[in-house]
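Coordinate analysis (summary)
Single-letter residue listing:
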Amino acid sequence: MSWKAIDALDDARDATASLLLPFDAGRWARLALIALFVGGLGGSGGAGSNTGTTTPTGGGSTDIPVDSLPGFVTPENVVAAVIALAAVAIALSIVWSFVGSVMQFVLVDAVVSKDVRIREPFRERFWLGVRLFGFQVGLLVAVLAVIGIPVAAVFLGSVAFTPAVALFAIPLVLLGLLLVFVVAIVMQLTTDFVVPTMMAEDRTLLSSWGRVVPVFRAEFSEFGLYVIVRFILGILASIGIGIAALLALLVVAIPFAIVGGGAFLALNAANVALTSTVGLVVFGALGLLFVLAAIAVGAVVQMPVVTYFRYYSLFLLGSADDSLDLVSQFRSDDDSSAPEGPTPA
């Protein structure tokens, strides 16, 4: 017995190799930019920062009297700065997520046509990306409402905190974990199968979901196996990407270390303090350039994996329903033709 979800792995590998090889710097750069938004900043995590005025050390406390701070550094200004930074971070994350939604369609265009472009497909698929982004926001709001309303009721005093309420927190946490799991699967199926369906048949997102649900039912074991294989490969790929990105960053860090060391010696010889304006500008610029280089390295390293997974989902979708097959031209000659899938309602 042949499993379509397994056979698609080989087809995806061959198609990915044919797209990426022979090496073309421009194509790789454009694909890396797309992968940056589709795959995210693979190894980046939320790094917390300490903003307290007291830092424990081996010798005791380093309390800084508020009176000794510059006039513009007041508790009110610090709070305002934190709120402003949080607002900027939220706004940037929203913009990033929206661009990523459009880039999902740009990626499908790229791997299907093998003509990797960004600006024109982005304009053409803009409103499809709006629908996908709206769907993602709707799911997020629904989850936050289910979890957040009971929590807010307790914290705002609408519901008294009693042992019975505390006991209710256990199923609430379990429900939250279940919702996160379900939403993760729904979003994975949406980007992997609903997005190409929207493009193949010029449908809206909800209509495309209605189109692929019969396909999922008809090939339930295949798509169930796909979810399992995709999850396992995703974990292995994340580990591989992390190791490769770390090794690449070590190489990239060498010139920055050399330039930084030279700048340190030069400033020291000129009796310029590292905390002076010149020192802050020099090392701030080096730090910013290194962060940008790290982002670029991460994007390039994860790009083949992002491309491979997109081909994988497209090959499986086409095998399950040939009217949704966007990659039929890339199938190997010994592949059996895709069966006729269920007709749309």
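Quantities reported herein were computed from a predicted structural model and do not represent experimental measurements.

**A short note on the overall build of the protein chain**
Summing up its helical and strand segments, the protein chain has nine helices and zero strands in all. Secondary structure elements of the protein chain occur, N-terminal to C-terminal, as α-α-α-α-α-α-α-α-α. A buried classification covers 31% of the 345 residues belonging to the protein chain. The long-range share in the protein chain, meaning contacts at least 24 apart out of those at least 6 apart in sequence, stands at 71%. Taken as a whole, the protein chain presents about 20,100 Å² of accessible surface, with 72% of it coming from carbon and sulfur.

**Comments concerning the nonpolar core**
Counting 63 residues, the largest nonpolar core has Leu 31, Ile 34, Met 103, Phe 193, Trp 209, Tyr 311 and Tyr 312 as the members making the most contacts within it. Secondary structure elements with two or more residues in this core: helix H1 (4–20), helix H2 (25–39), helix H3 (75–113), helix H5 (126–155), helix H6 (163–201), helix H7 (205–218), helix H8 (220–269) and helix H9 (277–320). Those residues within four positions of Tyr 312 in sequence are excluded, and the remaining contacts are Ala 5, Ala 8, Leu 9, Ala 12, Tyr 226 and Val 229.

**Observations regarding H2**
Taking 1.5 Å per residue as the helical rise, H2 with its 15 residues ought to reach 21 Å, and the 20 Å between its terminal C-alpha atoms agrees with that figure. Among all positions in H2, only Leu 31, Ala 32, Ile 34, Ala 35, Leu 36, Phe 37 and Val 38 are buried. Elements in contact with the buried residues of H2: H1, H3 and H9. For H2, the side-chain oxygen to backbone nitrogen distance between the N-cap and Gly 26 is 3.2 Å, and the N-cap itself is Asp 24.

**Focus: unusual backbone geometry**
A cis amide bond links Leu 21 to the next residue, Pro 22, at an omega of -5 degrees. Within the secondary structure layout, Pro 22 lies in the loop between H1 and H2. Here the phi dihedral of Lys 114 falls at roughly 60 degrees; this positive angle occurs in a residue that is not glycine. Judged by its relative accessible area of 26%, Lys 114 falls in the partly exposed class. The backbone of Asp 202 shows a phi angle near 50 degrees, a positive value even though the residue is not glycine. Tracing the backbone through its elements, the reader meets Asp 202 in the loop between H6 and H7.

**Details of the packing of aromatic side chains**
Considering all chains together, one arrives at 17 aromatic pairs under this definition. When the ring of Phe 256 is compared with that of Phe 290, the centres are 5.4 Å apart and the planes differ by 80 degrees; the resulting orientation is edge-to-face. Residue Phe 256 is located in helix H8, and its partner Phe 290 is located in helix H9; the two are separated by 34 residues in the primary sequence. Among the aromatic side chains, those forming a connected cluster through ring pairs are Phe 193, Trp 209, Phe 216, Phe 223, Tyr 226, Tyr 308, Phe 309 and Tyr 312. When the ring centre of Phe 330 is taken as reference, the NZ or CZ atom of Lys 114 above it lies at 4.5 Å. The ring of Phe 309 carries the charged tip of Arg 230 above its face, separated from the ring centre by 3.9 Å.

Calculation notes
- Residues numbered from 1 in each chain as written.
- Predicted model: local features only at pLDDT ≥ 70, side-chain atom pairs only at ≥ 80, totals over all residues.
- Heavy atoms only, no water.
- Helix = DSSP H or I, 4+ residues; strand = E, 2+ residues; numbered from the N terminus.
- Buried < 20%, exposed > 50% of the residue type's maximum accessible area, 1.4 Å probe, protein only.
- Contact = heavy atoms within 4.5 Å.
- Areas by Shrake-Rupley, 256 points an atom, 1.4 Å probe, with all protein chains shown as cover.
- Core = buried A, V, L, I, M, F, W, Y, C linked by side-chain atoms within 4.5 Å.
- Expected span 1.5 Å × (residues − 1).
- Polar contact = N/O pair within 3.5 Å; in protein donor to acceptor, adjacent residues only side chain to side chain.
- Phe/Tyr/Trp six-rings, centres within 6.5 Å; stacked < 30°, edge-to-face > 60°.
- Lys NZ or Arg CZ within 6 Å of the ring centre and 35° of its normal.

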